[in-house]
Amino acid sequence: NITLKINGVEVKAPAGSTILEAARLANIEIPTLCFLKDINEIGACRMCVCEVKGARSLVASCVYPINEGMEVWTNTPKVLDSRKKTLELILSNHHRKCLSCVRSGDCELQKLCKDLKVENEDMYEGEMQDFDIDDSAAHMIRDNNKCILCRRCVAVCANVQGIGVIGANERGFVTNIGSAFEMGLGETSCVSCGQCIAVCPTGALREKDFTDDVFAALADPKKHVLVQTAPAVRAALGEAFGLPIGTNVEGKMAASLRRLGFDKVFDTDFSADLTIMEEAHEFLDRVQNGGVLPLITSCSPGWIKYCEHYFPDMTENLSSCKSPQQMFGAIAKTYYAEKMGIDPKDIVMVSVMPCTAKKFEIGRDDQDAAGVPDVDIAITTRELARMIERTGIRFLDLPDEDFDEPLGLSTGAAVIFGATGGVMEAALRTAVETLTGEELASVDFTDVRGTKGIKEATYNVAGMDVKVAVASGLGNARELLTKVKNGEADYHFIEIMGCPGGCVNGGGQPQQPASVRNFTDIRKLRAKVLYDADAGKPIRKSHENPAIKQLYAEYLGEPGSHKAHEILHTSYVK
Ligand code: HC1
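Residues numbered from 1 in each chain as written. Predicted model: local features only at pLDDT ≥ 70, side-chain atom pairs only at ≥ 80, totals over all residues. Heavy atoms only, no water.

Topic: the packing of aromatic side chains
Stated precisely, the cut-off is as follows: Stacked, tilted and edge-to-face are the three classes applied to pairs of Phe, Tyr and Trp rings, where Trp contributes its six-membered ring and a pair requires centres within 6.5 Å; stacked means planes under 30 degrees apart, edge-to-face means over 60, and tilted covers the rest. Here, over-ring charges are defined by two tests on the NZ atom of lysine or the CZ atom of arginine: distance to the ring centre within 6 Å, and angle to the ring normal within 35 degrees.
Evaluation of the coordinates by the stated rule reveals 10 aromatic pairs. Chaining the aromatic ring pairs together yields one cluster made of F266, F270, F328 and Y336. The ring of F360 is capped by K305, whose NZ or CZ atom sits 4.3 Å from the centre of that ring.

Laid out in structure tokens, this is it:
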């Protein structure tokens, strides 16, 4: 450990720490704007400046390493004044439409202005940029008039996802973040993961909001409006209402959806179980009949788009299974519609997803089992929170309620889909029992759990070594697939999720500020919600879900049947 003094108080911190980290250990939060640990460590915005004894000027504490005997001040008038001036300068070229901004109340810039006593937002009045809004992508909007050039979005896109479709254009006063050659984001090979939105400190980046369409459907008496909720939503929705990260709000979520007026409140977990039935069957079929291996999971639409753009020769490795979101819509508009005697055209299928790429997925080709789109509207966890707020539902006071049956019934295998490794574990539970014909002694495949970017394991199943790998985040996916392509690694089955940590950390989840993200692994806390939910379920294997058994018995026949293929499987483009 290194001993230093911060504001006159002795502090000990591990060698290699920055002033920012050492101060945090002493319960002093130094404000930041551009800094994101391990992602954007550029020391550029000057919000985190401090005085260091002997240094000629203020230093950027996010990148300044501590040393023995160092003396630091984080609270002198010079420091506070400098930070305030930085904010006033940012505001001089920021469209300050705070009252109508989607981030009002959780904008990092707004909070800093309040904390640092900015009293005059017009301090440096003068010429302002007036950028066009980029709404060319299916899933999001860029409003550069609210961009503060922190470059977090650029860094997460390039350094974490390995995509790099955005960067700084021009120089000086006209600097702006966008794509090359002034292209709209929708014209680039952006995969819609929304990680840029998740890290944006202001309202410059936001998802396309479809909540008005949902309200219109709910108000239409001719429509039968169904909702499905993704596994990871229950692990994060509570954050939008001030609950600690890692709170499971499944019951309150179901209650709130009922009060919003949905005709049935169903669960994507049901179709996650269904996906496992089809995907495990497909895996065993490929293994036993010399099909293309490794089989790669297909539930994450950001990953699918990435594969199509960047690894087109591997699309035949993709499972032909639709994602659980799409399978749900397909079953709702075929099996459920027939059972209930409702014309599929009168069903409005709404999905609540932790993901922005799901907005893109619903418009893909070959996703219309009943001749109409499987899913009509995909909204994010954040949009659902806004609907709840807008209608005055007192979320925290709601009772816990259950999903409706039968499409609300699910197992522990389904709920872990939302964490990296969860789909693999769920598939193994079913594939192993199918292959051996014996009951598993333990359903926990712990080697594929955890937030590590790439995980590998080998399981001996019925005398065969089954090699599996799991990657989350597209930079990790690229690393793994490059090894497979070069013959340096060889697997039977791979799970890939587009977002680091899986859906719990999806681009549509409630945003956590840098002051939280830099010091807490939000992926781990949210994933724990799902693993705890799994452990507490009476049924933990997809093939034991009674509603799934009934669906096959009454309608689909066997997994992989002709009918199952027509309704539940899809195709890809190269
Ligand atoms: Fe996901 Fe999936 S797990 S992709 O991360 O397979 O979004 O949560 O809904 O479809 O089930 C997302 C989550 C989600 C699908 C499932």
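After that view of the structure, there is still more to cover.
A word on the site of the ligand
We apply this condition: Throughout, near means a residue has at least one heavy atom within 4 Å of the molecule or strand. Polar contacts here mean pairs of N or O atoms no more than 3.5 Å apart (in protein, one a potential hydrogen donor and the other a potential acceptor; neighbouring residues in sequence count only if both atoms are side-chain atoms). Each helix corresponds to a stretch of at least 4 residues labelled H or I by DSSP, and each strand to a stretch of at least 2 residues labelled E; elements are numbered beginning at the N terminus. Under the convention adopted here, Pro, Cys and the residues Ala, Val, Leu, Ile, Met, Phe, Trp and Tyr are nonpolar, Asp, Glu, Lys and Arg are charged, and Gly plus all remaining residues are polar.
For the ligand, the set of nearby residues contains 16 residues, the closest of which are A232, C299, Q325, K358 and C503. Between P231 and the ligand, the recorded distance is 3.4 Å, taken from a backbone N or O atom to an oxygen atom. Taking A232, its main chain carries an N or O atom lying 2.8 Å from an oxygen atom of the ligand. Broken down by secondary-structure element, the contributors of at least two residues to the shell around the ligand are α8 (268-288) and α10 (324-340). When grouped by side-chain class, the residues that make up the shell around the ligand number 11 nonpolar, 4 polar and 1 charged.

Observations concerning the confidence of the model for the chain
How we decide: Here pLDDT means the predictor's own confidence in every residue, given as a number from 0 to 100.
Taken over all residues, the pLDDT of the chain has a mean of 97, while the share at 70 or more is 100%. Scoring of the predicted complex yields 0.97 for pTM and 0.94 for ipTM.

Some thoughts on the pattern of salt bridges
Worth spelling out the cut-off: Any Lys or Arg side-chain nitrogen found within 4 Å of a carboxyl oxygen on Asp or Glu counts as a salt bridge. Buried, partly exposed and exposed residues are distinguished by accessible area as a fraction of the type maximum, computed with a 1.4 Å probe on protein chains only: under 20%, between the cut-offs, and over 50%, respectively.
Scanning the entire structure with this criterion turns up 43 salt bridges. Across the pair E433 and K541 runs a salt bridge whose closest N-O atoms are separated by 2.7 Å. Pair noted here: E433 is in helix α14 (residues 422-436) and K541 is in the loop between α17 (522-535) and α18 (546-556), with a separation of 108 residues, a long-range link. Comparing E433 with K541 shows no difference in burial state: the two are buried. A salt bridge links E439 to K541, with the shortest nitrogen-to-oxygen separation between them at 4.0 Å. One end of the pair, E439, is in the loop between α14 and β15 (454-461); the other, K541, is in the loop between α17 and α18, and 102 residues separate them in sequence. Classification of E439 as exposed rests on a relative accessible area of 66%. Among the charged side chains, a salt-bridge network with shared partners connects E425, R429, D444, R449, D534 and R540.

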